[in-house]
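Geometric and topological summary
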There are 2 protein chains.
Amino acid sequence: MKPEYSIKQQQLMDTAEQLFSRKGFEGTSVRDIAEEAGINTAMISYYFGSKEKLMEAIFEQRSLNIKEQVDILLKDERLDAFQKVYHLVDEYIDKIMQRKKFHRILLCEEVINQNPVIVELLAKMKNRNSSWISDLIRHGQKKRLFKKQVDIPMMMNTLIGTITHILVNLEFYRSYHNLESLSEEEFEKVIKKRLSAHIKIIFKAILTNES
Amino acid sequence: MKPEYSIKQQQLMDTAEQLFSRKGFEGTSVRDIAEEAGINTAMISYYFGSKEKLMEAIFEQRSLNIKEQVDILLKDERLDAFQKVYHLVDEYIDKIMQRKKFHRILLCEEVINQNPVIVELLAKMKNRNSSWISDLIRHGQKKRLFKKQVDIPMMMNTLIGTITHILVNLEFYRSYHNLESLSEEEFEKVIKKRLSAHIKIIFKAILTNES
DNA sequence: CAAAATTAATTAAACGTTTGTTTAATATAG
DNA sequence: CTATATTAAACAAACGTTTAATTAATTTTG
């Protein structure tokens, strides 16, 4: 399904991701990317066809897919419905924090919404993921642990909105709480832990509170 | 303090905001803006100095400031601490929904983070607003309605993250819930109502839940 | 109050860069 | 020998900004 990329192609995609996330798609030139990657400018068109298609390749490779994880969670009988949802929350935090740069680009691209290939890709991804989340929620509703009416996109909005918004405010958060002395990894651990606890409280409220 | 702008300048700022929010700052040319506004291209440099400074002018004019609202809320003795916070939540929803285009630009600009004037402006705004929120939260803590430790930036992250993330997913939300038949205004009313109820549940949980 | 002088607004054209992409030549590998 | 990879150079188009000329508005002056 997914095309395989040579080392040089992967190098170009990594460098492009890095620069797109710092300067935006339009703000990054193919010369920037090529120079930073130590590869001739013409290779971008040679390998990917265009700067646009290089971007699409990045999106196709790195978009978030939760199918597998939800599959595993639904089958796992040791976990109750809440624990399943909590596991998924942590999965989202991990995956988004793991791919910070990509998700910063994603955020911008969702706003600008220009490239039809990417728009299509994201729409499919959202529908797919929402559908998997629905399965997980219905599971909790059948067990009478969750309330009957849950606005799943709204819930996902808070999940992804909270994670991605802190992603662009990491440095503000760090300085607000005087965590400058922590190393990058230590700080990331703290953030992930706090995010996890924070969102679980939120999800519990959303899933149980009867209006 | 704030510079006043002529009708033509305001026209340029409105048109620029519109285009920046659709195609990004780098993706919009001064010729695009001028043509759309029916004004000569050179007028942008003439009035604002540069495209960059036009952007800064937009930010200076439209950045969110909650000082006044918090002032009023703190003094209002008819409201308990929860109601005060809830009012502020609605204030955020209203102001951000009112300025959809600007907040889409803001979102991108926070990611890209290139223009030092805007970076400075946003940092000050965040510090100022966080400080006002702190006052409001401390008020509730003194009345023993809120728990002792509240991570205010994390709470604000969820507030703003949720609102802005739905801002870039309005159409997905609309189609998911089959609300295509609603007019723009009706749909916006529905969104604001749901956002309001949703975030209030979240805030209640964040402010009361003892870990 | 009107004419002259001055300032401000507006224009089309031109400026020098930078943009993404293509080309045609050369190098490398199988 | 052939196919792929790599290069520097060239391409036209688009970019933000400046210029110099012209028009409009405002102020000064007789």
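Residues numbered from 1 in each chain as written. Chains lettered and ligands numbered in written order. Predicted model: local features only at pLDDT ≥ 70, side-chain atom pairs only at ≥ 80, totals over all residues. Heavy atoms only, no water.

Some words on the pattern of salt bridges
Scanning all chains against the criterion turns up 30 salt bridges over all chains. Salt-bridge contacts for Lys23 of chain A lead to Asp32 of chain A; the nearest nitrogen and oxygen are separated by 3.1 Å. For Lys23 of chain A, a relative accessible area of 22% corresponds to the partly exposed category. Of the charged contacts in the structure, one is a salt bridge between Glu110 of chain B and Lys126 of chain B, with a shortest N-O distance of 3.1 Å. Here Glu110 of chain B, found in helix 7 (residues 100-112), pairs with Lys126 of chain B, found in helix 8 (residues 116-142); they are 16 residues apart in sequence, far enough to count as distant. Grouping residues by exposure puts Glu110 of chain B and Lys126 of chain B together as buried. Salt bridges sharing common partners tie together Asp14, Glu17 and Arg62 of chain A. (Salt bridge = Lys/Arg side-chain N within 4 Å of Asp/Glu carboxyl O. Buried < 20%, exposed > 50% of the residue type's maximum accessible area, 1.4 Å probe, protein only. Helix = DSSP H or I, 4+ residues; strand = E, 2+ residues; numbered from the N terminus.)

Examining the protein's contact with DNA strand D
Lining the immediate environment of DNA strand D, one finds 16 residues, of which Met43 of chain A together with Val30, Arg31, Ser50 and Lys51 of chain B sit closest. Counted by atom, the contact set of DNA strand D within 4 Å of the protein is 51% sugar and phosphate. At 3.4 Å, a backbone N or O of Thr28 of chain B approaches a phosphate oxygen of DNA strand D. The leading source of residues in the surface near DNA strand D is helix 3 (residues 42-48) of chain A, at four residues. Residues of the surface near DNA strand D, tallied by class, amount to six nonpolar, six polar and four charged. (Near = heavy atom within 4 Å. Polar contact = N/O pair within 3.5 Å; in protein donor to acceptor, adjacent residues only side chain to side chain. Nonpolar A, V, L, I, M, F, W, Y, C, P; charged D, E, K, R; others polar.)

As for the domain arrangement of chain A
Residue and element names in this part refer to chain A. Assigned domains within chain A: domain 1 (7-60) and domain 2 (64-208). Computed from C-alpha atoms alone, the centre-to-centre distance between domain 1 and domain 2 is 28 Å. Listed by partner, the interface residues are ten residues for domain 1 and eleven residues for domain 2. Put simply, domain 1 and domain 2 have three residue pairs in polar contact (both at pLDDT 80 or more) between them. Elements that contribute at least two residues to the side of domain 1 that touches domain 2 include exactly helix 1 (7-23) and helix 4 (51-62). Counting residues per element, the side of domain 1 that touches domain 2 draws most heavily on helix 4, at six residues. In terms of residue class, the side of domain 1 that touches domain 2 is made up of four nonpolar, two polar and four charged. (Domains from an automatic or database assignment. Contact = heavy atoms within 4.5 Å.)

Brief notes about the packing of aromatic side chains
Applying the stated rule across the entire model yields 14 aromatic pairs over all chains. Seen in terms of ring centroids, Phe59 of chain A and Phe102 of chain A are 5.0 Å apart; in terms of plane orientation they differ by 65°. Their pairing is edge-to-face. Here Phe102 of chain A lies in helix 7 (residues 100-112) and Phe59 of chain A lies in helix 4, a separation of 43 residues in the sequence. The same class applies to Phe59 of chain A and to Phe102 of chain A, which are both buried. Taken together, the ring pairs in this structure connect Phe82, Tyr86 and Phe146 of chain A into an aromatic cluster. The aromatic ring of Phe172 of chain B is capped on one face by Lys126 of chain A, whose charged end is 5.9 Å from the ring centroid. (Phe/Tyr/Trp six-rings, centres within 6.5 Å; stacked < 30°, edge-to-face > 60°. Lys NZ or Arg CZ within 6 Å of the ring centre and 35° of its normal.)

Details of the layout of surface pockets
Its volume calculated, the largest pocket comes out at about 670 Å³. In this structure, the largest pocket is lined by 28 residues; those nearest its centre are Arg104, Leu167, Val168 and Glu171 of chain A together with Asn113 of chain B. Counting residues per element, the ones that place at least two in the lining of the largest pocket are helix 1, helix 6 (81-98), helix 7 and helix 10 (170-176) of chain A together with helix 7 and helix 8 of chain B. With five residues, helix 8 of chain B is the largest single contributor of residues to the lining of the largest pocket. (1 Å grid on protein atoms, 1.4 Å probe; cavity = no way out; pocket = protein on both sides within 12 Å on 5 of 7 lines; lining within 4 Å. Points joined across faces, edges and corners; volume = space filled by probe spheres on them.)

What to know about the side chain of Asn129 of chain A
Residue and element names in this part refer to chain A. Following the sequence through the fold, Asn129 ends up in helix 8 (residues 116-142). Residue Asn129 is classed as buried on the basis of its relative accessible area, which comes to 6%. Among the polar contacts listed, one links the side chain of Asn129 to the backbone nitrogen of Ile66, at a separation of 3.4 Å. Ignoring any residue separated from it by four or fewer positions in sequence, one finds Asn129 in contact with Leu64, Asn65, Ile66 and Tyr92.

With respect to the nonpolar core
In this structure, Tyr92, Ile133, Ile137 and Phe203 of chain A together with Tyr92, Ile133 and Ile137 of chain B are the most contacted members of the largest nonpolar core, which totals 124 residues. Sequence-distant contacts of Tyr92 of chain B, that is, excluding residues within four places in its chain, are made with Leu64, Ile66, Asn129, Ile133, Met156, Leu159, Ile160 and Ile163 of chain B. Listed in part, the ten residues of the second largest apolar core include Cys108 of chain A together with Cys108, Ile112 and Val168 of chain B. (Core = buried A, V, L, I, M, F, W, Y, C linked by side-chain atoms within 4.5 Å.)

Observations concerning the protein's contact with DNA strand C
Around DNA strand C, the structure places 16 residues, and the nearest of them are Val30, Arg31, Ser50 and Lys51 of chain A together with Tyr46 of chain B. The sugar-phosphate portion of DNA strand C accounts for 51% of its atoms within 4 Å of the protein, the bases making up the rest. Contact between DNA strand C and Thr28 of chain A: a phosphate oxygen at 3.3 Å from a main-chain N or O atom of the residue. The side chain of Arg31 of chain A places a nitrogen or oxygen atom 2.8 Å from a base nitrogen of DNA strand C. Sorting the residues of the surface near DNA strand C by element identifies helix 2 (30-37) and helix 3 of chain A together with helix 3 (42-48) of chain B as the ones contributing at least two each. Sort the elements by how many residues they give to the surface near DNA strand C and helix 3 of chain B lands first, with four residues. In terms of residue class, the surface near DNA strand C is made up of six nonpolar, six polar and four charged.

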